[in-house]
Amino acid sequence: MNVAPAVRGVILYGPPAAGKDTVTRALAALDPMFSLFSRVKVGPGRSAGYRMGTPEQLEELRAAGAVVYENSRYDSTYVTDRPGLDAAFAAGVPVMHLGQVDGVRAVLDGYPAQWLTILLWCPRKVTETRSTGRGDVDTPARLAAWDATQADLDTNPNFHFDLTIRTDEVGPEAAAAQIHQALTAPRGDLVLVDFDDTLIDRLSAVTAWVARYCTEHGLDPAVEQRMLEAMRIRADVSLAEALCAELGLPQSAGTLWARYEHELAASVKPFPGTIEALTAVREAGHQVVVVTNGGTQIQRSKLTASGITDVVDAVCISEEVGTRKPDRQIFEAAAASVGRDLSQGGWMIGDNPDLDVVGGRNAGLRTVWISHGRPWTGGMEPDHIAPTPVEAFALLRGGGR
């Protein structure tokens, strides 16, 4: 069973002794619906707050595809499992403790719920004082984990937490009140946004790649024109096979596609100001989901390489959900990924009149067409036209009226 994402959960991230346990207890005292999510632990040491498991049980979870995230620390393996999350959401509002940004990402991407992410922070000296004061026998290991947490944050500078609380300055009851308020506060609009040629300049990257490929192999300009014509909107393995057969290209379809997939992902860039504009929209309280047609591997590679993954709430890719824009189902899946429903309304932003404007309007969303200087071609009109994504997101921050 998968839990409907309308119910929200809490993720507390932070170094050892930052107060995850005390803040969780304060949340439960404030509202009994809050309860600690007990991860499965396989290994020695402390058992309180965990569901102790065996190596055999861990292998069963892995084999069943029921592991959302696992990590190893203090000679033990800690597992966030799907059955456990299902039960926790059915019982109330789970509060999960994590110490790795990759773990937070895995839960956000891998479990269909609306999570509130909180960075609980304290200086290293406070961790040392708290650890020794409570009699921990592994304080050096916890200080090493504090160092690892700092390094983890340094490695992920663009990861956005919904709330940051300094627990050396804010007591657990006050921290719990902040979290409760953030969890129950009215949310901003749902903002669905296209990816290729809306957030990133895919066409320029494809044009440059085709030119390099043809120059490298001494191919005729007519071949270059035909390849670009075929690849400018959409490219996949089947298209590579068709082009190799039609044009007699010097490499196999598999080699051509593998090279294209790797090199294009490394070269795509967001349009100027896009990262900052996306960050500002989310800071204004809106939830942003990328909705893109395409294959999972190449789209996720481009999303990661361009930095877009770090500044949106979720990603919905057609190959993963089994439906493509302009079908309503992909918009429904995108809304559900952040605990929303299309009946609540929202926005669709994109550069394609049919896929983004018509698809978005038919899904009941207000629409913004990214023109990139082009004139509107007619048909079902968008609610607004913006020349770039920066102007589109500024429109949303201004209320979009």
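Throughout this description, residue numbers start from 1 for each chain and increase along the sequence as written. Two thresholds apply to this predicted model, a pLDDT of at least 70 for residue-level local features and 80 or more for giving and counting side-chain atom pairs, whereas whole-chain, interface and lining totals are computed over all residues. Side-chain metrics rest on all non-hydrogen atoms present in the structure, leaving aside hydrogens and water.

Right, let's talk about the pairing of strand β12 (residues 314-317) for a bit. Sheet faces and side chains relate simply in a regular strand, where the side chains alternate between the two faces. Throughout this description, buried means an accessible area under 20% of the type-specific maximum (1.4 Å probe, protein chains only), exposed means over 50%, and partly exposed covers the range between. A helix here means a DSSP run of H or I that spans at least four residues, while a strand means a run of E at least two residues long, and both kinds are numbered starting from the N terminus. Of the two faces of β12, the one carrying Ala 314 and Cys 316 and the one carrying Val 315 and Ile 317 are both buried. Note on pairing: two strands pair once DSSP finds at least 2 bridges between them. Here four bridges tie strand β11 (residues 287-292) to β12, and the two strands are oriented parallel to one another. Residue pairing for β12: Val 290 is matched across the bridge by Val 315. Crossover connection from β11 via helix α13 (residues 296-306) to parallel β12: handedness right-handed. By definition, the crossover connecting two strands over a helix is right-handed if that path, from the first strand to the second, turns clockwise as seen with the strands pointing away from the viewer.

One can find Tyr 74 in the loop between β5 (67-73) and β6 (76-81). Considering only alpha carbons, one finds Tyr 74 and Lys 325, 251 residues apart in sequence, at a separation of 46 Å. Apart from residues lying up to four places away in sequence, Tyr 74 is in contact with Pro 16, Asp 138, Ala 141, Arg 142 and Ala 145. Whether two residues are in contact is decided by their heavy atoms, any of which lying within 4.5 Å being enough.

For each structure, a 1 Å grid was placed over the protein atoms alone; sets of points admitting a 1.4 Å probe that cannot get out are labelled cavities, open sets with protein on both sides within 12 Å along at least five of seven lines are labelled pockets, and lining residues have an atom within 4 Å of a point. Grid points are joined across faces, edges and corners, and a volume is the space filled by probe spheres set on the points. On inspection of all chains with the given rule, the structure shows two cavities of 30 Å³ or more. By volume, the largest cavity is sized at about 290 Å³. If you go around the largest cavity, you meet 20 residues; those closest to its centre are Leu 108, Arg 282, Val 312, Asp 313 and Ala 314. Going through the elements one at a time, α4 (101-110), β8 (114-121) and β12 are the ones with two or more residues in the lining of the largest cavity. Here the residues of the lining of the largest cavity sort into eight nonpolar, five polar and seven charged. Volume-wise, the second largest cavity comes out at about 40 Å³. In this classification, Asp, Glu, Lys and Arg are treated as charged, Ala, Val, Leu, Ile, Met, Phe, Trp, Tyr, Cys and Pro as nonpolar, and every other residue, Gly included, as polar.

Turning our eyes to something else, we now look at the sheet that holds β5. With mixed pairing, the four strands of this open sheet are ordered in space as β4-β3-β6-β5. Looking at the sheet topology across the chains shown, the edges are occupied by β4 (51-52) and β5. Relative to β4, strand β3 (residues 40-42) is paired through two bridges, and the arrangement is parallel. Bridge assignment links Val 40 to a residue of β4, and that residue is Arg 51.

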